[in-house]
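Below, each chain spelled out in residue letters.
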Amino acid sequence: MTALHPFLQVENLARAYPSPTGGEDVTVFDHVNFRIHKGEFVCVTGHSGCGKSTILNILAGLDVATTGNVFMDGREVAGPSLDRGVIFQSHALMPWLTVLENVSFAVKSRWASWNKEKVRDHAMRYIELVGLKGAEHKKPSQLSGGMKQRVGIARAFSIEPKMLLMDEPFGALDALTRGVIQDELLKICAETQQTVFMITHDVDEAILLSDKIMLMSNGPHARIAEIVNNTLPRPRERSAIHKQPHYYPIRNHLVDFLVSRSKQFGALRGAPDAPSSPTVFDPAELIETTASAEPEAVPLPPAGKPHIHLVNA
Amino acid sequence: MKMKLSLSQKAGLLSLGLFAAILLVWQLATLPEARVVAADVDPEYAALMGGGSASSASSFPTPAAMAQTVWDKLSDPFYDNGPNDKGIGIQLAYSIARVLAGFFLAAAVAIPLGFAIGNSRVFYQALNPYVQLLKPISPLAWMPLALYTIKDASASAIFVIFICSLWPMLINTAHGVANVRRDWLDVSRTLEVNPLRLAFRVILPAAAPTILTGMRISMGIAWLVIVAAEMLVGGTGIGYFVWNEWNNLSITNVLFAIFMIGVVGMALDSLFGVLSKRVAYQE
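Just so we're clear, the structure is a prediction, and the values are computed from it rather than from any experiment. (Residues numbered from 1 in each chain as written. Chains lettered and ligands numbered in written order. Predicted model: local features only at pLDDT ≥ 70, side-chain atom pairs only at ≥ 80, totals over all residues.)

### Comments concerning the overall build of chain B
Reasoning step 1: From N to C terminus, chain B includes eleven helices and two strands.
Reasoning step 2: Reading chain B from its N terminus to its C terminus gives the helix and strand order α-β-α-β-α-α-α-α-α-α-α-α-α.
Reasoning step 3: Relative to a compact globule of 283 residues, whose C-alpha radius of gyration would be 19 Å, chain B shows 26 Å and is clearly more extended.
Reasoning step 4: The principal-axis extents of the C-alpha atoms in chain B amount to approximately 95 × 70 × 35 Å.
Reasoning step 5: The burial tally for chain B puts 29% of its 283 residues in the buried class. (Helix = DSSP H or I, 4+ residues; strand = E, 2+ residues; numbered from the N terminus. Rg over C-alpha atoms; globule rule 2.2 N^0.38 Å. Buried ≥ 20, exposed ≤ 12 C-beta atoms within 10 Å, placed from the backbone.)

Laid out in structure tokens, this is it:
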């Protein structure tokens, strides 16, 4: 394998489910192709039902594709593996185990030959990393939603996977908690150079965390319609990020996609000239060329605008 | 001045009041009746009918006589004067031993089998008709078959306990195992947890509350059934004791046995209550 070879390669992935009415199978998504390089943080966003979670589950090995292949590190993904850590939206902690036991369970799964102290020390290191030192002997039911999700993060990082898969990890948290944990995640990912594939509905979360944002069109027959290169420089600070020149072009582009363009791709489905490879949006190019192209490419519905202002206020 | 009573104090007072009321009714009901002997009745006939004496002592004891019996029996529970006269402790010990033997044999079969049924839809569908057919059969209906094949009265009683304990544990185990949250299984799959570790570290603790509920129901049924089974097989045990005392027309002893069956049943149930608490988890 050469260094140029992508770390994760997804080829022509499709998933169909039997129709509930007994007719033709329903294809949720097809022609999904993308690559993720080592150390890259990739966010996926799109409307509900476009198959984001199914793609994540296929990458995790928990679900199987109808057609297509996934290769990681040159090997085909067939079934779940310790090489890919998963952070579930529902945190999926075992309620009969303490925080330490939950993380230790994962550590012991990864390194079965380790003795008790080694497992404990390793687990504690990751519990400290997510700021839960002192709560290690608590049961999940004694923790807040944010703390539970931190345990989930500690557990996923503790097995030192080659890749991390996150399915809307902060979707169930309040905005304040979400912000704090996002900052922690940013810090941990910078330290560990972790390769991440993350599903999110939160445009700001995607901009803060990712190197690349994949936008999915609406299902059925969803596909990756656009890929946005997140050119904001690192390290990123939540408080200063909106002052970056590329921030608003990226943000507007993402919101426009979700509000209007994601549907248009749906109309193209089945058409012979439907795009099978996504367009790449690079804000650097956009700013260099001209700003006058923007109003043309951005037919914002009136309802969308005040919402965006509210978010930015 | 008004006294503030806590909930449990109020309940305790009410319980005591109820106990006093029961004693009162009992006392009144067992008061010796003064019988007026009709003049035209032959005195010999009256004497035969039990009316000759000034008062007729009913076989049903007064609360005081009952209390005396309870005290006497409990102060010497383990005496053994041959087959028809053993202390209540010995009789209960026989019954408890049979129940525990049958119960744990059933658990040894039902829990692994329940695991298999809960884990596999094929197993579930294949075994379901048998379970549905066998479950409603009264455990005592098996008794003749057991006596014929096993040819041992005590072992037959254990078999009957085994059969009646089997179904609740089997069904609850299967149900608990089949309903382990998908998330926990998915986490385990991504951690490549081997099947044995998955069974003991994830599925068993996840299903433990449901399994224990099944065990508790089984134990309750087993304790109900042992009395009837021992009435049939005879020899030893609390069921035999009840029937023997009925044949002796000792209502006092029958009442005492009924009381002790209740006490032991309650103790067994609260034991499982404690165990349930220990395996319970809060999501």
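### Points about the overall build of chain A
Reasoning step 1: Helix and strand counts for chain A stand at ten helices and eleven strands.
Reasoning step 2: Counting only residues that meet the buried cut, chain A has 42% of its 313 residues in that class.
Reasoning step 3: Of all intrachain contacts in chain A linking residues separated by at least 6 positions in sequence, the fraction that spans at least 24 positions is 71%. (Contact = placed C-beta atoms within 7 Å.)

### A short note on the domain arrangement of chain A
All names here are of chain A.
Reasoning step 1: Taken domain by domain, chain A consists of domain 1 (8–83 + 162–312) and domain 2 (91–160).
Reasoning step 2: Taken together, the eleven residues of domain 1 in the interface contact 13 residues of domain 2.
Reasoning step 3: In terms of residue class, the side of domain 1 that touches domain 2 is built from nine nonpolar, one polar and one charged. (Domains from an automatic or database assignment. Nonpolar A, V, L, I, M, F, W, Y, C, P; charged D, E, K, R; others polar.)

### So, unusual backbone geometry
Note: most residues except glycine have negative phi, and most peptide bonds are trans.
All names here are of chain A.
Reasoning step 1: At the junction of Arg-234 and Pro-235, the peptide bond is cis and its omega measures out at -5° in the coordinates.
Reasoning step 2: In this structure, Ala-92 is a non-glycine residue whose phi angle is positive, near 55°.
Reasoning step 3: Topologically, Ala-92 is positioned in the loop between β6 (84–87) and α2 (99–110).
Reasoning step 4: A positive phi is found at Gln-193, a non-glycine position, where the angle reads about 55°.
Reasoning step 5: If you trace the backbone, Gln-193 turns up in the loop between α5 (175–192) and β8 (195–199).

### Some details on the interface of chain B and chain A
Reasoning step 1: Across the boundary between the two partners, chain B contributes 15 residues, which contact 19 residues of chain A.
Reasoning step 2: Breaking the side of chain B that touches chain A down by element, the ones donating at least two residues are α8 (182–190) and α9 (195–233) of chain B.

### Details of the sheet that holds strand β1 (residues 8–17) of chain A
Residue and element names in this part refer to chain A.
Reasoning step 1: The four strands are arranged β2-β1-β4-β5 in an open sheet whose pairing can be described as antiparallel. Each of the sheet's edge strands pairs with one partner strand only, and the pair in question is β2 (26–36) and β5 (75–76).
Reasoning step 2: Pairing between strand β4 (residues 67–72) and β5: two bridges, direction antiparallel. The residue of β5 that forms the bridge with Phe-71 is Glu-76.
Reasoning step 3: Contacts from helix α1 (residues 52–60) reach β1, β2 and β4 within the one sheet, and its direction differs from that of β1 by about 120°. (Pairing = 2+ DSSP bridges. Axes fitted to C-alpha atoms, helices over the stretch in contact; angles between N-to-C directions.)

### Structural notes on the nonpolar core
Reasoning step 1: Judged by nonpolar contacts, the single largest core of 133 residues is most densely connected at Val-103 and Ile-127 of chain A together with Val-160 and Ile-161 of chain B.
Reasoning step 2: If you count residues domain by domain, this core takes at least three from each of domain 1 (8–83 + 162–312) and domain 2 (91–160) of chain A. (Core = buried A, V, L, I, M, F, W, Y, C linked by C-beta atoms within 7 Å.)

### Structural notes on the confidence of the model for chain B
Reasoning step 1: Scored by pLDDT, chain B has a mean of 90; 91% of the residues are at 70 or more.
Reasoning step 2: Of the two predicted TM-score estimates for the complex, the pTM is 0.83 and the ipTM is 0.82. (pLDDT = per-residue confidence, 0-100.)

### Quick notes on the pairing of β6 of chain A
All names here are of chain A.
Reasoning step 1: The alternating pattern of β6 places Arg-84 and Val-86 and Gly-85 and Ile-87 on opposite faces, both of which are buried.
Reasoning step 2: In this sheet, strand β7 (residues 163–167) lies alongside β6 in parallel orientation, the contact comprising four bridges. When the bridges of β7 are listed, Arg-84 appears paired with Met-163.

### With respect to the pairing of β8 of chain A
Residue and element names in this part refer to chain A.
Reasoning step 1: With respect to burial, β8 is a largely interior element, five of its five residues being buried.
Reasoning step 2: Neither face of β8 is exposed, since Thr-195, Phe-197 and Ile-199 on one face and Val-196 and Met-198 on the opposite face are all buried.
Reasoning step 3: Where β7 and β8 come together, five bridges link them in parallel fashion. For Leu-165, the partnering residue across the bridge sits in β8 and is Phe-197.
Reasoning step 4: Once the chain exits β7 it traverses α5 before rejoining the sheet at β8, and the crossover so formed is right-handed. (Right-handed = clockwise from strand over helix to strand, strands pointing away.)

### Points about helix α7 (residues 153–178) of chain B
Residue and element names in this part refer to chain B.
Reasoning step 1: Taking 1.5 Å as the rise per residue, α7 with 26 residues should run 38 Å; its terminal C-alpha atoms sit 38 Å apart, in good agreement.
Reasoning step 2: Of all the bends in α7, the greatest, near 30°, is centred on Leu-166, and the proline Pro-168 appears no more than four residues after it.
Reasoning step 3: Most of α7 is tucked away, with 21 of its 26 residues classed as buried. (Expected span 1.5 Å × (residues − 1). Bend = angle between axes of the 7 residues up to and from the residue.)

### Describing the environment of Ala-106 of chain A
Reasoning step 1: Considering the arrangement of structural elements, one finds Ala-106 of chain A in helix α2.
Reasoning step 2: Between the alpha carbons of Ala-106 of chain A and Ile-159 of chain A there is a distance of 6.5 Å; along the sequence they are 53 residues apart.
Reasoning step 3: In contact with Ala-106 of chain A, not counting residues within four places along its chain, are Arg-155, Ser-158 and Ile-159 of chain A together with Leu-191 of chain B.

### Regarding the sheet that holds β6 of chain A
Residue and element names in this part refer to chain A.
Reasoning step 1: The strand order across the open sheet built from seven strands is β6-β7-β8-β3-β9-β10-β11, with neighbouring strands paired in mixed fashion. Both edges of this open sheet fall to β6 and β11 (279–281), since each of them pairs with a single strand only. Direction aside, neighbouring strands of the sheet carry axes that sit 20° apart on average.
Reasoning step 2: Strand contacts of helix α4 (residues 145–158): β6 and β7, with the helix running at about 175° to β6, the strand carrying the most contacts.

### What about the confidence of the model for chain A?
Residues shown with low pLDDT carry predicted positions that ought not to be read at fine detail.
Reasoning step 1: Mean pLDDT for chain A: 84, with 86% of residues reaching 70 or above.
Reasoning step 2: No element of chain A has a lower mean pLDDT than helix α10 (residues 304–312) of chain A, at 35, and none a higher one than α2 of chain A, at 96.

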